[in-house]
Amino acid sequence: MGGLGVAGCFVDSEGLPPPVEGLYFPSGIAASPGGRVLYVANSDFDLQFNGGTVQALDLQRLRRRALGLQASLNPPEAGAGGSVNAACEAAGLGLNAAPLLYPGPCGPLDISTLDGDEEIVRRSAVIGAFASNLVLVHRPLAEPAATGDPLARLFVPVRGDPSVTFFDVADDRTDAPAAQRCAGDACFQLDCGATATGGRCARDHRIGEDPGQERIRRKLPLEPFGIAAGPDGRSIVVSHQVENIASVIVNPWESVGTSNTRPQLAGILTDLASGPTELAAVPPPRLVTRLQQLREENEENEENEENEVKAIDYQPTFALTYVAAPQLDLIRYQETTDSAPALLFQSTATRISALASGSDSRGIAVDASERQACESGCGDADLECLARCAAIPIQVFVAHRYPNSLIIGELTTTLIERESETPEDRPEDRWAAAYETLAIRDAAPLAAYPSRVEVGHVIGADGARHRRVFALAFDSGLAFSYDPEARRIDGVIRTGRGPQALAFDTGYTCGAEKERCDCSPGDDACEPYSLMYIAHFTDSYLGVVDLDMRKANTFGSMILTVGKPVPPRESQ
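Residues numbered from 1 in each chain as written. Predicted model: local features only at pLDDT ≥ 70, side-chain atom pairs only at ≥ 80, totals over all residues. Heavy atoms only, no water.

K.L.:
Tell me what's going on with the overall build of the chain, and back it up with residues and numbers.
P.N.:
A count of helices and strands for the chain gives five helices and 30 strands. On C-alpha atoms alone, the chain measures out to a radius of gyration of 24 Å, which is about the 25 Å that the 2.2 N^0.38 rule sets for 572 residues. Each principal axis of the C-alpha atoms in the chain carries an extent, and together these give about 75 × 55 × 55 Å. Considering only contacts within the chain whose residues lie at least 6 apart along the sequence, 63% involve residues at least 24 apart. (Helix = DSSP H or I, 4+ residues; strand = E, 2+ residues; numbered from the N terminus. Rg over C-alpha atoms; globule rule 2.2 N^0.38 Å. Contact = heavy atoms within 4.5 Å.)

Right, here's the structure in full:
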């Protein structure tokens, strides 16, 4: 991971409090699915303060500014305005005085000075130093929430504690039940037990610090680094580089009438290869989740044993990279009883043998969109259709060094059928088990040194969304766009120093105010947009990149700098 080295010692009771209104070595970002909030984890990498921070930024206000600049710099008619100077002045930013430090036409938006209706940092909390990433999870929509149940959570690996700090946050999904969908200021909930906004998170929100509270009665291993969440948000897997370990956290969504109401360290997998780094959760086939739903419905209806739906053997799967071993692993998670350790086990290892060394893989992302598009065309009762869709491979993308490249692989699901007992066997009893295997198919060259990779969308010249894979090269200050259909790098974006993490804000806006809305393409005033947010670790700011091909003057470039860039102390 680009600029993050060994954590060292950290004492959270000493030193100055961190800046809660500005950015300081941002290392992880995530956008809420409803487009209301951008969560940022700041690491306090140089230990200038007594901790890092997690912030909830107003994504709607940021979007409004970015799209306003986009419109000013892309006038509808040639020669009708579009002056860079006029656009920046109208946005209250002025021209960019340091284009080598941070790309883009305009000066930075200093979010630490904004308040009232212009305020960007809506909530903040203090955590330990050396946060490495974050992951946002949501309660499954199929599970009704009781009053007091958490709806969404944010998990942040903090290497200085070491812990995984968790936050209860709001649910802004547009398809969530109206009773649980947030509105207004409630969307910026950031609850970690702190007594006030900008306060330090409570100890009972730092998973793994107190063995007496954990299921396996053991502290979290050192150096929590990569993190990924299972499809229902109940299993959170964390990699630990120094000890060659992975751990699993169980996240219960039920908080009323249960004994285990908080996420807990539940299992540890030891003896991994050297330097486990980043993780990605593998989406399960819809066939598997549908069979599991049928079994649960059967149990709830208390039907007799003759009509019982047979269980399918399937464990949530995570793909894992290594910085010091030439391989990619699949690891699986098996839940057990409330008091027993969870089972986390290594399933298969895939050697990286086609490249010069095969060692030093960093970020990893998976793309199941082709399979999921197939599954969306199947009804829940059409299990044969879902089985055919499960045969479609999931694409895997890995940021790799030595040589610098984007590795492209495939995850293939194997369905195992039961031995037929009678001709009258029901379709839901046909499959006994399912599992994935990983194979490497291709590689594309990148610049030095790739760190993170994510799957997003650009808006094409036709106004439709098109998939792209974006890889950040930390040392080179570049972001690469890979077209998975054309199988080639189709764009290189110049970033500032130390691009570390990225998130996407893609959707539709309506009306003259350009507010995000749910609408159908082709409707009047329904306009698609796509923006990419890049966390710049070295100079502590966010860059906003325009991903709309129809905007010839700004596509593939940074149009807004969020936060005043601050060079690290040794370079000032």
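K.L.:
Got a sec to walk through the pairing of strand 20 (residues 405-417)? Specific residues and values, please.
P.N.:
Pairing of strand 19 (residues 394-400) with strand 20 involves seven bridges; the strand directions are antiparallel. Looking across to strand 20, one finds that Gln 395 is bridged to Glu 410. Counted along the chain from strand 19 to the antiparallel partner strand 20, the turn is four residues long, and its residue Tyr 402 has a positive phi close to 60 degrees. Relative to strand 21 (residues 431-445), strand 20 is paired through 13 bridges, and the arrangement is antiparallel. By the bridge assignment for strand 21, Leu 415 is matched with Ala 434. (Pairing = 2+ DSSP bridges.)

K.L.:
So what's going on with the pattern of salt bridges? Which residues, and what values?
P.N.:
With the rule as written, the count across this model stands at 34 salt bridges. When salt bridges that share partners are traced, they join Asp 58, Arg 61, Arg 122 and Asp 185 into one network. (Salt bridge = Lys/Arg side-chain N within 4 Å of Asp/Glu carboxyl O.)

K.L.:
Summarise the state of the cysteines; cite the residues concerned and give the values.
P.N.:
Evaluation of the coordinates by the stated rule reveals seven disulfides. Residue pairing for Cys 378: its cysteine sulfur links by disulfide to Cys 385, the two sulfurs lying 1.8 Å apart. Disulfide Cys 378-Cys 385: torsion about the S-S bond near -60 degrees, hence left-handed. Taken as a pair, Cys 378 and Cys 385 share a single burial class, namely buried. Two residues share a disulfide in this structure: Cys 510 and Cys 517, whose sulfurs sit 1.7 Å from each other. What sets the handedness of the Cys 510 and Cys 517 disulfide is the S-S torsion sign, and at about 70 degrees it is right-handed. You can call Cys 510 partly exposed: its relative accessible area is 26%. (Disulfide = S-S within 2.5 Å. Buried < 20%, exposed > 50% of the residue type's maximum accessible area, 1.4 Å probe, protein only.)

K.L.:
Account for the packing of aromatic side chains, with residues named and values stated.
P.N.:
Taken as a whole, this structure holds 12 aromatic pairs when the rule is applied. Judged by centre distance (5.2 Å) and plane angle (70 degrees), the rings of Phe 45 and Phe 537 are edge-to-face. Pair noted here: Phe 45 is in the loop between strand 2 (37-42) and strand 3 (52-58) and Phe 537 is in the loop between strand 28 (527-536) and strand 29 (541-546), with a separation of 492 residues, a long-range link. Aromatic pair Tyr 102 and Tyr 541: ring centres 6.2 Å apart, planes at 70 degrees, arrangement edge-to-face. In this pair, Tyr 102 is assigned in the loop between helix 2 (84-90) and strand 4 (121-127) and Tyr 541 in strand 29, connecting sequence segments 439 residues apart. Owing to a relative accessible area of 0%, Tyr 541 belongs among the buried residues under this scheme. (Phe/Tyr/Trp six-rings, centres within 6.5 Å; stacked < 30°, edge-to-face > 60°.)

K.L.:
I'd like a description of the layout of surface pockets, backed by residues and values.
P.N.:
Counted as a void, the second largest pocket has a volume near 230 Å³. Together, 14 residues line the second largest pocket, and Arg 64, Arg 65, Gly 68, Ala 90 and Ala 91 are the ones closest to its centre. Elements with a contribution of two residues or more to the lining of the second largest pocket: helix 1 (59-73) and helix 2. If one sorts the elements of the lining of the second largest pocket by residue count, helix 1 sits on top with six residues. For the lining of the second largest pocket, the residue count by class is seven nonpolar, two polar and five charged. (1 Å grid on protein atoms, 1.4 Å probe; cavity = no way out; pocket = protein on both sides within 12 Å on 5 of 7 lines; lining within 4 Å. Points joined across faces, edges and corners; volume = space filled by probe spheres on them. Nonpolar A, V, L, I, M, F, W, Y, C, P; charged D, E, K, R; others polar.)

K.L.:
How would you explain the sheet that holds strand 14 (residues 276-282) if you had to name every residue and give the values?
P.N.:
Here we have four strands laid out as an open sheet, ordered 14-15-16-17, and antiparallel in their pairing. If you trace the sheet from one side to the other, it starts and ends with strand 14 and strand 17 (343-351), each paired once. Between one strand axis and the next, the sheet turns through 25 degrees on average, direction left out of account. Where strand 16 (residues 327-334) lies against strand 17, eight bridges are found, and the strand directions are antiparallel. Note that in strand 17 the partner of Asp 329 across the bridge is Ala 349. (Axes fitted to C-alpha atoms, helices over the stretch in contact; angles between N-to-C directions.)

K.L.:
Provide a residue-level description of the packing of helix 4 (residues 369-376) against helix 5 (residues 383-390), including the pertinent values.
P.N.:
Taken N-terminus to C-terminus, the directions of helix 4 and helix 5 make an angle of 170 degrees; their axes are 9 Å apart at the nearest point. Compared by their axis directions, helix 4 and helix 5 come out roughly antiparallel. The two elements helix 4 and helix 5 cross, and the hand of that crossing is right-handed. Facing helix 4, whose interface residues are Arg 371, Cys 374 and Glu 375, helix 5 presents Leu 386, Cys 389 and Ala 390. Here the residues of the contact of helix 4 with helix 5 sort into four nonpolar, no polar and two charged. (Parallel < 35°, antiparallel > 145°, perpendicular 65-115°, else oblique. Left-handed = near helix turned anticlockwise from the far one by under 90°.)

K.L.:
Residue-level account of the environment of Ile 352, with values.
P.N.:
Residue placement: Ile 352 occurs in the loop between strand 17 and strand 18 (361-367). Through-space distance from the C-alpha of Ile 352 to that of Ile 407 is 9.3 Å; in sequence the pair is 55 residues apart. Once residues within four sequence positions are removed from consideration, Ile 352 is found in contact with Pro 326, Gln 327, Leu 328, Ser 357, Gly 358, Ser 361, His 400, Ile 407 and Ile 440.

K.L.:
Got a sec to walk through the sheet that holds strand 4? Specific residues and values, please.
P.N.:
In space, the four strands of this open sheet follow the order 1-2-3-4, with antiparallel pairing throughout. Lying at the two open borders of the sheet, with one neighbouring strand each, are strand 1 (26-31) and strand 4. When the angles between neighbouring strand axes are averaged without regard to direction, this sheet yields 15 degrees. Of the strand pairs in this sheet, strand 1 and strand 2 are connected by five bridges, and their pairing is antiparallel. Looking across to strand 2, one finds that Gly 28 is bridged to Ala 41. Packing against the sheet, helix 1 makes contact with strand 1, strand 2, strand 3 and strand 4, and its axis sits at approximately 65 degrees to strand 3.

K.L.:
Any details on the nonpolar core? Residues and values, ideally.
P.N.:
Counting residues in hydrophobic clusters, the biggest one holds 31 residues, and the most contacted among them are Leu 38, Leu 542 and Leu 560. The set of elements that each furnish at least two residues to this core consists of strand 2, helix 1, helix 2, strand 26 (499-510), strand 28, strand 29 and strand 30 (558-562). The element contributing the most residues to this core is helix 1, with six residues. Those residues in contact with Leu 560, other than ones at most four positions away along the chain, are Leu 62, Arg 65, Ala 66, Leu 69, Leu 93, Leu 109, Leu 542, Gly 543 and Val 544. Among the nonpolar cores identified, the runner-up in size contains 24 residues, and Val 37, Ala 125, Val 156 and Val 169 belong to it. (Core = buried A, V, L, I, M, F, W, Y, C linked by side-chain atoms within 4.5 Å.)

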